[in-house]
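# Structural overview
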Amino acid sequence: QVQLVESGGGLVQPGGSLRLSCAASGSIHWIGDMGWYRQAPGSQRELVAGITSGGDTNYADSVKGRFTISRDNAKNTVYLQMNSLKPEDTAVYYCNAAIQRRLFSGMNAYWGQGTQVTVSS
């Protein structure tokens, strides 16, 4: 079994900051790409930021310069530092990881349960 558990969401005022964490646990041999997605009510899930196992990153244009994705491979954890938050950042944030459970097995995508981020005064 593999689990991704997110934490760090909540209510914050515009201009504020939050840091999301997502820890992978269970039967894991290797983790490849990891990422954060979000889904606002009435909208499709969209990629916010991604990071490869080697640390290369990519961001949605709407969050560039405000959000930073990072990972700690020793802890199987990915982070999303969100600064200068705007009301339009309000959404459920999901982490995603490509995980190889055993040597020579294939990669599978896993999702966390989601954490609510609300930006409002």
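Read on for a plain summary of the structure. (Residues numbered from 1 in each chain as written. Predicted model: local features only at pLDDT ≥ 70, side-chain atom pairs only at ≥ 80, totals over all residues. Heavy atoms only, no water.)

Before going further, it helps to spend a moment on the environment of Val-48. Inspection of the secondary structure puts Val-48 in strand β5 (residues 46-51). Given a relative accessible area of 1%, Val-48 falls into the buried group. Distance from Val-48 to Arg-38, taken between C-alpha atoms, is 6.6 Å for residues 10 residues apart in sequence. (Helix = DSSP H or I, 4+ residues; strand = E, 2+ residues; numbered from the N terminus. Buried < 20%, exposed > 50% of the residue type's maximum accessible area, 1.4 Å probe, protein only.)

To continue, consider the state of the cysteines. In protein structure, a disulfide is the covalent linkage between the sulfur atoms of two cysteines. Going through the model one piece at a time under the given rule, you end up with one disulfide. A sulfur-sulfur separation of 1.9 Å characterises the disulfide bridge that pairs Cys-22 with Cys-95. Around the S-S axis, the bridge from Cys-22 to Cys-95 shows a dihedral of about 40 degrees and counts as right-handed. Of this pair, Cys-22 sits in strand β3 (residues 18-26) while Cys-95 is found in strand β9 (residues 91-100), placing the two residues 73 residues apart along the sequence. In this structure Cys-22 comes out as buried when scored by relative accessible area, which is 1%. A relative accessible area of 0% means that Cys-95 is categorised as buried. (Disulfide = S-S within 2.5 Å.)

This part takes up the side chain of Arg-38. Structurally, Arg-38 can be placed in strand β4 (residues 30-39). On the basis of relative accessibility, which here comes to 7%, the residue Arg-38 falls in the buried class. In this structure the side chain of Arg-38 is engaged in a polar contact, spanning 3.4 Å, whose partner is the side chain of Ser-62. Here the side chain of Arg-38 touches Tyr-93 through a polar contact of 2.9 Å, side chain to side chain. Residues in contact with Arg-38, not counting those within four places in the same chain, are Gln-44, Arg-45, Glu-46, Val-48, Ser-62, Val-63, Phe-67, Glu-88, Asp-89, Ala-91, Val-92 and Tyr-93. (Polar contact = N/O pair within 3.5 Å; in protein donor to acceptor, adjacent residues only side chain to side chain. Contact = heavy atoms within 4.5 Å.)

Another aspect to go through is unusual backbone geometry. For Asn-76, which is not glycine, the phi torsion reads 50 degrees and is therefore positive. Looking at the secondary structure, you find Asn-76 in the loop between β7 (67-72) and β8 (77-82). With relative accessibility at 26%, the residue Asn-76 sits in the partly exposed group. Even without being glycine, Ser-84 reaches a positive phi, approximately 50 degrees. Structurally, Ser-84 can be placed in the loop between β8 and β9.

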